[in-house]
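# Survey of secondary and tertiary structure
Here's the letter readout for the chains.
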Amino acid sequence: MSASDDQADVERVLAGDISAFEGIVRRWQGPLINLAYRFCRDRGRAEEMTQEAFLRAYRGLGQWRKDAVFSTWLFALATNLYRSELRRIPARSVSVSLDDIAEPADARASDGGLEDQDRDLAVRRAVLALPAKYREALILFYFHDMDVATAARSLGLPEGTVKARLFRGREILRGKLTQRLAVPRLKEA
Amino acid sequence: MRRLIRYDENEMNRILSSEDEILPSSGFAVSVMDAVRREAAAPPPIPFPWKRALPGLVVAGVAMVLVLVAGIVAITQLGRTSTSAHFPTFLSLPSLMPINFHGGMESAASWTVLALLVTFVSVKLSMRLASGRV
């Protein structure tokens, strides 16, 4: 994905060639859908939100100031939309409370512990059950390959705020997961 | 022996970084482009006719300020007369009000008719402005 391709397509769209927008859609549909999916865990809704994000990007192309990379602007726009959409109508899986997470599928599996798959699922469900500001910071941080600066730009927040939210989010996760996942082993001990 | 599962930083990073990627549906890009073309083909939203509305807004603003000032003056005068007199003058209308207010039912009806007329004219005028016939 090249920034110059984005810039060329944007200029063509602004000059009246709507079909040039397809290049932008094809380049960024994957990342934007995956980001939306991490927010809502619903494929259909992720595609709907992504379509709306592209429409908003189309309407606001003229507002993109070329001092920032196009993808940064696009991700910030999409993130803003996903956050407000999920605050308006929360994802079904997000409505799970933190106390309901990490119930093991089989508490006796693998020598009293959880299978890796169950454990990974428990961690992901725990992230979705976090309060919105911590959840959003964690989702963006891991989506952008653990790059705090990029996550901060997407969220439109200072890096320090994102770092603080990541720290607090991880603390809550660690506390809840240790507490919940430790139960089967404690029973066996 | 008691053993707690501790998720250290690396373990949590590994789990949360290794998300499965989902692929867009086959017709996704086409449906986005259809929506974009519909958006482009739609007529632009009608801007509010500020030029035409401005005189009316100014008149309305001035009238509102005048009514407010008249009201405040009337209330102050009412307070003065009620403290100086022995009878309950607050029941009578202040002298500052237009002479029509001092009349009976007939004058009240005429004011009501006038208000209705002004409302009717302003509604008709705004409808004509909205439909672009003026």
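Model, not experiment: these values are computed from the prediction. (Residues numbered from 1 in each chain as written. Chains lettered and ligands numbered in written order. Predicted model: local features only at pLDDT ≥ 70, side-chain atom pairs only at ≥ 80, totals over all residues.)

On to the overall build of chain A, then. Counting its regular elements, chain A contains ten helices and zero strands. Listing each helix as α and each strand as β along chain A from the N terminus yields α-α-α-α-α-α-α-α-α-α. Across the 189 residues that make up chain A, the buried fraction comes to 36%. Looking at chain A alone, contacts between residues at least 24 apart form 62% of all its contacts between residues at least 6 apart. (Helix = DSSP H or I, 4+ residues; strand = E, 2+ residues; numbered from the N terminus. Buried ≥ 20, exposed ≤ 12 C-beta atoms within 10 Å, placed from the backbone. Contact = placed C-beta atoms within 7 Å.)

Now for the confidence of the model for chain B. A low pLDDT means the predicted coordinates there should not be read in detail. Residue and element names in this part refer to chain B. Averaged over all residues, the pLDDT of chain B is 79; the fraction at 70 or higher stands at 74%. Within chain B, no element has a lower average pLDDT than helix α1 (residues 9-17), which sits at 82, and none a higher one than helix α2 (residues 28-41), at 94. Two summary scores accompany this predicted model of the complex, namely pTM at 0.65 and ipTM at 0.77. (pLDDT = per-residue confidence, 0-100.)

Residues and elements named next belong to chain A. Taking 1.5 Å of rise per residue, twelve residues should cover 16 Å, and helix α1 (residues 3-14) covers 17 Å from first to last C-alpha, within 8% of that figure. Every buried residue belonging to α1 is among Asp6, Asp9, Val10 and Val13, and all of these are buried. Looking straight down α1, one finds that the buried residues subtend no more than 100° of arc, so they occupy a single side. Taken together, the buried residues of α1 touch α2 (21-40) and α4 (70-88). At the C-terminal side of α1, glycine 16 shows a positive phi close to 115°. (Expected span 1.5 Å × (residues − 1). Arc of directions from axis to C-beta.)

Within the largest apolar cluster, 50 residues are counted, with the highest numbers of intra-cluster contacts made by Ala36, Ala78, Val127, Ala137 and Leu138 of chain A. With eleven residues, the single largest contributor to this core is α2 of chain A. Both of domain 1 (1-95) and domain 2 (96-189) of chain A provide at least three residues apiece to this core. When residues no more than four places from it in sequence are discounted, the contact partners of leucine 138 of chain A are Val127, Leu130, Leu166 and Gly169 of chain A together with Leu16 of chain B. (Core = buried A, V, L, I, M, F, W, Y, C linked by C-beta atoms within 7 Å. Domains from an automatic or database assignment.)

Between α2 of chain A and α2 of chain B, the shortest axis-to-axis distance is 10 Å and the interhelical angle comes to 140°. With respect to their mutual orientation, α2 of chain A and α2 of chain B come out oblique. Taken as a pair, α2 of chain A and α2 of chain B cross one another with a handedness that is right-handed. Where α2 of chain A abuts α2 of chain B, its residues Phe21, Glu22, Val25, Arg26 and Gln29 of chain A lie against Phe28, Ala29, Val32, Met33 and Val36 of chain B. When its residues are assigned to classes, the contact of α2 of chain A with α2 of chain B shows seven nonpolar, one polar and two charged. (Axes fitted to C-alpha atoms, helices over the stretch in contact; angles between N-to-C directions. Parallel < 35°, antiparallel > 145°, perpendicular 65-115°, else oblique. Left-handed = near helix turned anticlockwise from the far one by under 90°. Nonpolar A, V, L, I, M, F, W, Y, C, P; charged D, E, K, R; others polar.)

Relative to the helices and strands, leucine 177 of chain A resides in helix α9 (residues 159-181). Once the C-alpha coordinates of leucine 177 of chain A and valine 123 of chain A are considered, the two residues, 54 residues apart in sequence, prove to be 7.3 Å apart.

End to end, helix α3 (residues 43-59) of chain A covers 24 Å across 17 residues, agreeing with the expected 24 Å (1.5 Å per residue, within 8%). Buried within α3 of chain A we find Ala46, Glu47, Met49, Thr50, Gln51, Ala53, Phe54, Ala57 and Tyr58 of chain A. Structurally, α3 of chain A contributes buried residues whose contacts are with α2 and α4 of chain A together with α2 of chain B.

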